[in-house]
Each structure stands twice: as C-alpha cells, then as structure tokens.
Amino acid sequence: MSDFYKDIIIGAVFIMGMIGFISGEFIISSTLFASAAVASNVNLNRKRGDTGHLSCD
C-alpha cells in the first residue's frame with residue numbers, strides 16, 4: 001500500500017473519531033484517535049529510514 005493510501009486511511013479514522021466525539025460516543029472516539037495516532041507514528045518512523053537496529057536517538 002502506498003503512503004498516499006495510508007494517509008487517506010489515517011485521515012478517515014481521525015474524521016470518524018471526530019464524528020464519534022461530537023455525537024457523544026467517547027469510548028469509540030478515544031479508540032479511533034488512539035489508533036490513528038499509533039498508525040501515524042508507525043508510518044512516520046518507517047519513513048525516516050530503517051537501519052535494521054534499534055537506537056535511542
């Protein structure tokens with residue numbers, strides 16, 4: 001899957017979280033926000049470069 005499609009999916013999950021928050025579904029919206037944040041961070045870390053080892057930089 002290309003980065004564009006991953007960004008679209010992350011954006012859609014975030015928008016669904018906003019709609020859930022507005023409608024009062026706080027548990028569902030919290031889960032959607034958390035999944036969007038984790039997916040976004042994983043995507044960013046993967047874009048930075050995979051050196052094959054762990055570091056604490």
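A brief structural summary. (Residues numbered from 1 in each chain as written. Predicted model: local features only at pLDDT ≥ 70, side-chain atom pairs only at ≥ 80, totals over all residues. Heavy atoms only, no water.)

Quick notes on the overall build of the chain
- Looking only at helices and strands, the chain features 2 helices and 0 strands.
- Only carbon and sulfur atoms are counted for the fraction: they give 67% of the accessible area of the chain, which is about 4700 Å². (Helix = DSSP H or I, 4+ residues; strand = E, 2+ residues; numbered from the N terminus. Areas by Shrake-Rupley, 256 points an atom, 1.4 Å probe, with all protein chains shown as cover.)

Looking at the environment of Val38
- Examined against the element boundaries, Val38 turns out to sit in helix 2 (residues 26–48).
- In this structure Val38 comes out as exposed when scored by relative accessible area, which is 52%.
- Sequence separation of Val38 and Ile10 is 28 residues, and the distance between their C-alpha atoms is 9.6 Å. (Buried < 20%, exposed > 50% of the residue type's maximum accessible area, 1.4 Å probe, protein only.)

Things to note about a nonpolar patch on the surface
- On the surface, a nonpolar cluster with roughly 370 Å² of combined accessible area is contributed by Phe14, Ile15, Met18 and Ile19.
- Among the structural elements, Phe14 can be located in helix 1 (residues 3–23). (Patch = residues over 30% accessible without salt bridge, like charges linked within 9 Å, V, L, I, M, F, W, Y side chains within 5 Å. Salt bridge = Lys/Arg side-chain N within 4 Å of Asp/Glu carboxyl O.)

Comments concerning the packing of aromatic side chains
- Counted according to the given criterion, the structure contains 3 aromatic pairs.
- A ring pair is formed by Phe4 and Tyr5, whose centres lie 5.8 Å apart and whose planes are at 65°; its orientation type is edge-to-face.
- Relative to Phe33, the ring of Phe14 has its centre 5.4 Å away and its plane inclined at 50°; by these criteria the two rings are tilted. Placement of Phe14 in helix 1 and of Phe33 in helix 2 is noted, with a sequence separation of 19 residues between them. (Phe/Tyr/Trp six-rings, centres within 6.5 Å; stacked < 30°, edge-to-face > 60°.)

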